Amino acid sequence: AYLRKKPVPAKLTPETTVIVEKGSDKFQLLRNVLEKTNFDSILNDHFEKSGKTKEEFSVVIKPNFMFSHNKKDNSTFTDPELVETLINRIAKKGFSNISVVEAPSTYGNYYANREVLTVAQYLGYRTDKNYKIVDLSKEMVPHYYNFNKLGPELMLAHHFVGTTWKDADFRFSFAKNKTHCFCNYTLTLKNTYGVLPMQNKLKHYHTKRQYDWATICSLADFPMHFGLIDAFYSGDGAFGVITCPHPKRTQTVIGGENLIAVDWVGATKMGLDPERPDIGRFLP
């Protein structure tokens, strides 16, 4: 399925394509999406513009897994097998500087063993593969975020960023398809909220600031280059972001270069109207 966006001002990309693939083989779905979006060409274009070698060119993938609590509930985290399939495709192109990144969540206030590496390994990520697992909170450095629509006291301004995210040449949001109690749905844009490095996110990004605008501050300074939604199993209900007793077997993968368009399609596939400001706090 192709989505053609309505005409927009010339300073923005006027047209983009989002691919939706549905079927019983999750690996083939991912391959189909990457091929039909010309992902390899998109990656290569960014590489050629960087002036770096393939060993230097940094590819960083942000999956969603720090809100997972049990690997039996596969509706709450991006499928590690799909993430590693993506990594293997990139590595076969000669790129060797590949990182999987996350930052701790508020779960760490209440549960033990919630470190990024611990959770990643529990879910099936490996430390002896062709990628690094990076905890962005352990490498954060000061950074001034210039986008301050609501004023610096409510947004990031003088804050921090993980160096792997900051220095990346190609940033990838690989989201999980699930609903959310605060913003109805959490897809590729909301997934990047997870790169904000402070562990107690409820305190720093919900209480002191507005979490959606903090995410947008991050996106403004560190733009994304590609987005995927793992919707092979989907979390549904008011607390789909936390757990889903009966995950939906939706057998779908969605992807594209423009995260706004990818989330637009993802929200529509959920039966939501992405244009309504009371539906999602990111797209509007």
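1. Quick word on the packing of helix H2 (residues 39-50) against helix H3 (residues 80-92)
Helix-helix packing: each pair is described by the crossing angle between the helix axes and the interaxial distance.
Next up, step 1: At a closest axis distance of 11 Å, the pairing of H2 and H3 adopts a crossing angle of 55°. Relative to H3, the element H2 lies oblique. The way H2 lies across H3 gives a crossing that is right-handed. Between H2, through Phe-39, Asp-40 and Leu-43, and H3, the contact on the second element is made entirely by Leu-86, Arg-89 and Ile-90.

2. Some remarks on the side chain of Asn-64
Next up, step 1: For Asn-64, the location among the structural elements is in the loop between strand E2 (58-63) and H3.
Next up, step 2: Within the local environment of Asn-64, its side chain forms a polar contact with the side chain of Lys-178, the two groups lying 3.4 Å apart.
Next up, step 3: Setting aside anything within four residues of it in sequence, one finds Asn-64 in contact with Thr-76, Phe-77, Thr-78, Glu-102, Phe-174, Lys-176, Lys-178, Thr-186 and Asn-191.

3. Notes on the pattern of salt bridges
Next up, step 1: Under the definition given, this model contains 12 salt bridges.
Next up, step 2: Its salt-bridge partner being Asp-79, residue Lys-26 comes within 2.6 Å of it at the nearest N-O pair. With a gap of 53 residues between them, Lys-26 in helix H1 (residues 26-36) and Asp-79 in the loop between E2 and H3 connect regions that are remote in the sequence.
Next up, step 3: Judged by its relative accessible area of 16%, Lys-26 is buried.
Next up, step 4: Between Asp-128 and Arg-126 there is a salt bridge, with the nearest N and O atoms lying 2.8 Å from each other.
Next up, step 5: For Asp-128, a relative accessible area of 52% corresponds to the exposed category.
Next up, step 6: Counted as one network, the salt bridges with shared partners bring together Lys-26, Asp-79 and Glu-81.

4. Some thoughts on the nonpolar core
Next up, step 1: One finds Leu-136, Leu-156, Trp-165, Tyr-205 and Ile-254 to be the most contacted residues of the largest nonpolar core, which totals 39 residues.
Next up, step 2: Of all the secondary-structure elements, those providing two or more residues to this core are strand E1 (18-22), helix H8 (211-221), strand E9 (226-235) and helix H9 (259-269).
Next up, step 3: Residues within four places of Leu-156 in sequence aside, it is in contact with Tyr-145, Asn-148, Leu-196, Tyr-205, Arg-209, Ala-214, Cys-217 and Ser-218.
Next up, step 4: Listed in part, the 36 residues of the second largest apolar core include Val-33, Ile-61, Phe-174 and Leu-228.

Quick notes on the rules
Residues numbered from 1 in each chain as written. Predicted model: local features only at pLDDT ≥ 70, side-chain atom pairs only at ≥ 80, totals over all residues. Heavy atoms only, no water. Axes fitted to C-alpha atoms, helices over the stretch in contact; angles between N-to-C directions. Helix = DSSP H or I, 4+ residues; strand = E, 2+ residues; numbered from the N terminus. Parallel < 35°, antiparallel > 145°, perpendicular 65-115°, else oblique. Left-handed = near helix turned anticlockwise from the far one by under 90°. Contact = heavy atoms within 4.5 Å. Polar contact = N/O pair within 3.5 Å; in protein donor to acceptor, adjacent residues only side chain to side chain. Salt bridge = Lys/Arg side-chain N within 4 Å of Asp/Glu carboxyl O. Buried < 20%, exposed > 50% of the residue type's maximum accessible area, 1.4 Å probe, protein only. Core = buried A, V, L, I, M, F, W, Y, C linked by side-chain atoms within 4.5 Å.

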